[in-house]
Amino acid sequence: MARIDLNADLGEGFGVWRLGDDDAMLGIVTSANVACGFHAGDPAGLLRVCRSAAERGVRIGAQVSYRDLAGFGRRFIDVTAEDLRADVIYQIGALQALAQVAGSVVSYVKPHGALYNTIVTNREQAAAVAEAVDSVDPALPVLGMTGSAFFDEAARLGLRTVAEAFADRAYQSDGRLVSRREPGAVLHDPAMIARRVVRMVTDGRVEAVDGTCISVTVKSVCVHGDSPGAVDIARAVAAELQDADVEIEAFC
């Protein structure tokens, strides 16, 4: 039987501002990419998410980002490697403390937003992120894109890499994500998305925006928690996977 992890970006509110339905998503996904305060999330809210994840047996991942609250971590920052390493170490450490108090642990690390996309090709920043994870705990897996500079640098250090695909994001023919600035970059039809995910998981293929079929390697599928209708999308994806005899379980 095929197996797949479902992950979602959670804890992305701030103060009185709430984004997404974290509790509902935690009833569906097996891994939670929890914000670490740099692109979103305040300490009290992140502790609540960690406690809720721990109660449900959902794995907690540190979703590390550029220091960019105003831009939700979706703006490139030309940060030095030294500063980026320290920023990532700081974020993992903060979430580790919150997870520990909640009765759980940080089980993996996933970059967020612009940082995620930048380290597909930017080797200096990719190395900085990988070195930060390795310095905190070399046993922590990293979630990201197959073929990226980040995975190359992580593998160089002996870190476990976990290939991710996106349920609700459009792909270019080269396997990269379509920029959110482009029309059609984010998908919204739960039924279509669910069928697409099943094909990714069972056939290793996905249709790109130009109509070509491209290969994808996937051990974990991301459903963005901040997308409109995110809970409906996640439920549809989980149901379609189960109908296709795909077991949903955490990768770590």
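Please refer to the structure higher up on the page.
Remember, it's a predicted structure, so these values are computed and weren't measured experimentally.

Conventions we followed
- Residues numbered from 1 in each chain as written.
- Predicted model: local features only at pLDDT ≥ 70, side-chain atom pairs only at ≥ 80, totals over all residues.
- Heavy atoms only, no water.
- Buried < 20%, exposed > 50% of the residue type's maximum accessible area, 1.4 Å probe, protein only.
- Helix = DSSP H or I, 4+ residues; strand = E, 2+ residues; numbered from the N terminus.
- Pairing = 2+ DSSP bridges.
- Right-handed = clockwise from strand over helix to strand, strands pointing away.
- Expected span 1.5 Å × (residues − 1).
- Contact = heavy atoms within 4.5 Å.
- Polar contact = N/O pair within 3.5 Å; in protein donor to acceptor, adjacent residues only side chain to side chain.
- Core = buried A, V, L, I, M, F, W, Y, C linked by side-chain atoms within 4.5 Å.
- Axes fitted to C-alpha atoms, helices over the stretch in contact; angles between N-to-C directions.
- Parallel < 35°, antiparallel > 145°, perpendicular 65-115°, else oblique.
- Left-handed = near helix turned anticlockwise from the far one by under 90°.
- Nonpolar A, V, L, I, M, F, W, Y, C, P; charged D, E, K, R; others polar.

J.: I'd like a description of the pairing of strand 6 (residues 161-166), backed by residues and values.
T.: Taking burial as the measure, the 6 residues of strand 6 include 5 buried ones, the bulk of the element. Two elements, strand 5 (residues 142-144) and strand 6, share 3 bridges in a ladder whose sense is parallel. When the bridges of strand 6 are listed, Val-142 appears paired with Thr-161. You can see the chain leave strand 5, run along helix 6 (residues 149-156) and come back into strand 6, and the turn it takes is right-handed. Bridging between strand 6 and strand 9 (residues 220-222) involves 3 bridges; their strand directions are parallel. From the neighbouring strand, Phe-166 faces strand 9, where its bridge partner is Cys-222.

J.: Run through unusual backbone geometry, naming residues and quoting values.
T.: The backbone of Phe-72 shows a phi angle near 55°, a positive value even though the residue is not glycine. For Phe-72, a relative accessible area of 13% puts it in the buried group. Positive phi, normally seen in glycine, also occurs at Asp-245, with a value near 60°. Secondary-structure assignment places Asp-245 in the loop between helix 8 (230-243) and strand 10 (247-248).

J.: Could you give an account of helix 5 (residues 123-136), naming the residues involved and the relevant values?
T.: Under the 1.5 Å per step criterion, the end-to-end length of helix 5 is 20 Å for 14 residues, consistent within 8% with the ideal 20 Å. When we look at burial in helix 5, the residues that qualify are Gln-125, Ala-126, Ala-127, Ala-128, Val-129, Ala-130, Ala-132 and Val-133. Buried residues along helix 5 sit in contact with helix 3 (81-101), strand 4 (106-111), helix 4 (113-118), strand 5 and helix 6. Residue Asn-122 occupies the N-cap position of helix 5, its side-chain oxygen lying 3.2 Å from the main-chain nitrogen of Glu-124.

J.: Give me the nonpolar core: which residues, what numbers.
T.: Residues Met-25, Leu-95 and Leu-241 are the most contacted members of the largest nonpolar core, which totals 84 residues. If we ignore the near neighbours within four places in the chain, the residues touching Met-25 are Ala-8, Leu-10, Val-223, Gly-225, Ala-230, Val-231 and Ala-234.

J.: Talk me through the pairing of strand 2 (residues 31-35); I want residue IDs and the actual numbers.
T.: Within strand 2, 5 of the 5 residues are buried, which leaves the element mostly enclosed by the surrounding structure. Burial along strand 2 is two-sided: the residues Ser-31, Asn-33 and Ala-35 and Ala-32 and Val-34 are all buried. As judged from the 4 bridges shared by strand 1 (residues 3-10) and strand 2, these two strands associate in the parallel manner. Note on strand 2: the bridge partner recorded for Asp-9 is Asn-33. Here 5 bridges tie strand 2 to strand 3 (residues 59-64), and the two strands are oriented parallel to one another. Looking across to strand 3, one finds that Ala-35 is bridged to Gln-63. At this point the chain moves from strand 2, through helix 2 (residues 43-56), to the parallel strand 3, and the crossover so formed is right-handed.

J.: Residues and numbers for the packing of helix 5 against helix 6, please.
T.: The N-to-C vectors of helix 5 and helix 6 enclose an angle of 45°; their axes lie 8 Å apart at closest approach. Taken together, the axes of helix 5 and helix 6 lie oblique to each other. Crossing of helix 5 over helix 6 shows right-handed handedness. For the pair helix 5 and helix 6, contact is made by Arg-123, Ala-126, Ala-127, Val-129, Ala-130 and Glu-131 and by Ala-149, Phe-150, Asp-152, Glu-153, Ala-154 and Arg-156, respectively. Grouping the constituent residues of the contact of helix 5 with helix 6 by class yields 7 nonpolar, no polar and 5 charged.

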